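Residue strings, one per chain:
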Amino acid sequence: AAVQSHIALSGTISGAAAIAGGPYHCAEGKVTQALGACISGADLDAAPLIEAAQAAASAGSIDPVDSLVNDRVWLFHGQADPIVNTAVTAALAAFYSEFMPEEAIALVDDVAATHGWPTRDQGVACDQMGGDYINACDYDAAGAMLKHLYGALNPPVSVREEGFQSLDQASVVPDNGSFSESGFAYVPEACSGKAGECHLHIAFHGCRQGKEFIEDRFARMSGLNEWAESNRIVVLYPQVDKSMLNPQGCWDWWGYTGADYDQRSGKQVAGVAALIADWSEKE
């Protein structure tokens, strides 16, 4: 979701971070491809996906790919990930290298983490997969990604309970797109009443990490809020619901919301754009 939102809305979004993620349009709208090459990495070639992005941009379905040239991306693949092959993340790096300089792309693949969100000390053991998919790896993925995306940052500080808020999705997001009625947000004290003057960071939960599965634990345990509090970064944690076509509660990266799932007109991409616009206008 982070990658496809970034590519589709690159005129608005200035960077992305992906943990065990694949390249844009990897599934090509096919669940068999999503569960095949986009997981195993077998014969996964970035070249046709680069061409697909260029064609979509030429058709006006996504923002111009030229918008990516000054962006930054942070990519992570756990050494002990038994689900997604390293070739998938390598293909994502190759995809981005077509549109931005190599120094703008950080690829971290030397942490002995399983398939999940690595933290310094939150969650289960680093090599234990499942549960909340949050792993204590003595590695601060949140800090690493934010520093690469934003540059030098102040050290993290304790979060404020009053900063943790409900995110209204029902009245903001158009045409559902499997969005929950509400999500979560963290608003630093320095941004209270003037959120539009702060950085805005969107954190997409993984499969089985939405609130239907683990309540608000991803939003509280990711490590992002501690950095956000000291660096004027508002963090949104939008939520999507599970369904018959999406029993694991994943964001749509293969087309369960429609054939245009990774274009500006796609329900979830349009929903993300609406959330960005809404928060950017807040006083």
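Please refer to the structure placed before this passage.
Being a predicted model, the structure only gives us computed values, none of them experimental.

(A) A look at the sheet that holds strand 3 (residues 105–108). Spatial strand order, 1-2-3: three strands in an open sheet with parallel pairing. Edge positions in the open sheet fall to strand 1 (15–19) and strand 3, since each of these has one partner strand only. Put simply, the sheet's adjacent strands are angled 5 degrees from each other on average, direction ignored. Contacts between helix 6 (residues 141–150) and the sheet are confined to strand 1, strand 2 (72–76) and strand 3, with strand 2 contributing the most and set at about 155 degrees to the helix.

(B) Quick peek at the side chain of Thr119. Tracing the backbone shows Thr119 in strand 4 (residues 117–119). Here Thr119 falls in the buried class, since its relative accessible area comes to 4%. Dropping the residues within four chain positions of it, Thr119 is found in contact with Ile134, Asn135, Ala136, Cys137, Asp138, Tyr139, Asp140, Met221 and Ser222.

(C) Representation of helix 4 (residues 46–58) within the structure. With 13 residues, helix 4 should cover 18 Å at 1.5 Å per step; its first-to-last C-alpha distance of 18 Å lies within 8% of that length. Along helix 4, the residues that are buried comprise Ala46, Leu49, Ile50, Ala53, Ala56 and Ala57. Along the axis of helix 4, the buried positions cluster into a sector of 125 degrees, meaning they face one direction only. Of the residues in helix 4, the exposed ones pointing more than 90 degrees away from the buried face are Glu51 and Ser58. In the core, the buried residues of helix 4 are packed alongside helix 5 (86–97). Near the N-terminus of helix 4, the side chain that reaches the backbone nitrogen of Ala47, with its oxygen 3.0 Å away, is that of Asp45.

(D) Quick peek at the pairing of strand 2. Buried residues dominate strand 2, accounting for four of its five residues. Judged from the five bridges that link them, strand 1 and strand 2 form a sheet pairing that is parallel. Paired with Ile19 across the strands is Phe76, a residue of strand 2. Pairing between strand 2 and strand 3: four bridges, direction parallel. From the neighbouring strand, Phe76 faces strand 3, where its bridge partner is Val108. Regarding the hand of the β-α-β motif, the stretch spanning strand 2, helix 5 and strand 3 is right-handed.

(E) Structural detail: the sheet that holds strand 7 (residues 164–168). Taken in spatial order, the four strands line up as 7-8-10-9 in an open sheet, and their pairing is mixed. The two strands at the open ends of the sheet, each matched to only one other strand, are strand 7 and strand 9 (199–202). Taking the axes of each pair of neighbouring strands and ignoring which way they run, one obtains an average angle of 30 degrees across the sheet. Bridging between strand 8 (residues 182–186) and strand 10 (residues 233–237) involves three bridges; their strand directions are antiparallel. Pairing of Tyr186 across the sheet is with Val235, part of strand 10. Helix 6 rests against strand 9 and strand 10 of the sheet, and its axis sits at about 135 degrees to strand 9. Contacting strand 7, strand 8, strand 9 and strand 10, helix 10 (residues 267–280) crosses the sheet at an angle of about 155 degrees to strand 9.

(F) Geometry of the nonpolar core. Ranked by internal contacts, the top residues of the largest apolar core, which has 61 residues, are Ile7, Ile62, Phe95, Tyr96, Val234, Leu236 and Trp279. If you list the elements that add at least two residues to this core, you get helix 1 (2–8), strand 1, helix 4, strand 2, helix 5, strand 10 and helix 10. Excluding anything up to four places from it in sequence, Phe95 contacts Ile7, Pro23, Tyr24, Ala46, Leu49, Ile50 and Ala53. Counting 31 residues, the second largest nonpolar core, distinct from the first, contains Ala17, Phe184, Tyr186 and Trp227.

(G) Expanded view of the state of the cysteines. As enumerated under the stated definition, the model contains four disulfides in all. Linked covalently through their sulfurs, Cys126 and Cys137 form a disulfide whose S-S length is 2.1 Å. Taking the sign of the torsion about the S-S bond as the criterion, the disulfide between Cys126 and Cys137, at about 100 degrees, is right-handed. With Cys126 in the loop between strand 5 (124–125) and strand 6 (134–136) and Cys137 in the loop between strand 6 and helix 6, this pair connects stretches of sequence that are eleven residues apart. Considered together, Cys126 and Cys137 belong to a single accessibility category, that of buried residues.

(H) Helix 6, seen in detail. The element helix 6 is largely enclosed, with a buried count of seven among its ten residues. Within helix 6, burial applies to Ala141, Ala142, Gly143, Met145, Leu146, His148 and Leu149. On its buried side, helix 6 packs onto strand 1, strand 2, strand 3, strand 4, strand 9 and helix 9 (224–230). Backbone geometry just downstream of helix 6 places Gly151 in the positive-phi region, at approximately 95 degrees.

(I) Layout of the pattern of salt bridges. Applying the stated criterion across every chain yields a total of eight salt bridges. Across the salt bridge formed by Asp63 and Arg264, the nearest N and O atoms sit 2.6 Å from each other. Of this pair, Asp63 sits in the loop between helix 4 and strand 2 while Arg264 sits in the loop between strand 10 and helix 10, placing them 201 residues apart in sequence. Owing to a relative accessible area of 33%, Arg264 belongs among the partly exposed residues under this scheme. The network of salt bridges with shared partners includes Asp132, Glu215 and Arg217.

Criteria and thresholds
Residues numbered from 1 in each chain as written. Predicted model: local features only at pLDDT ≥ 70, side-chain atom pairs only at ≥ 80, totals over all residues. Heavy atoms only, no water. Pairing = 2+ DSSP bridges. Helix = DSSP H or I, 4+ residues; strand = E, 2+ residues; numbered from the N terminus. Axes fitted to C-alpha atoms, helices over the stretch in contact; angles between N-to-C directions. Contact = heavy atoms within 4.5 Å. Buried < 20%, exposed > 50% of the residue type's maximum accessible area, 1.4 Å probe, protein only. Expected span 1.5 Å × (residues − 1). Arc of directions from axis to C-beta. Polar contact = N/O pair within 3.5 Å; in protein donor to acceptor, adjacent residues only side chain to side chain. Right-handed = clockwise from strand over helix to strand, strands pointing away. Core = buried A, V, L, I, M, F, W, Y, C linked by side-chain atoms within 4.5 Å. Disulfide = S-S within 2.5 Å. Salt bridge = Lys/Arg side-chain N within 4 Å of Asp/Glu carboxyl O.

Read these as layout, nothing more, since geometry by itself doesn't imply function.
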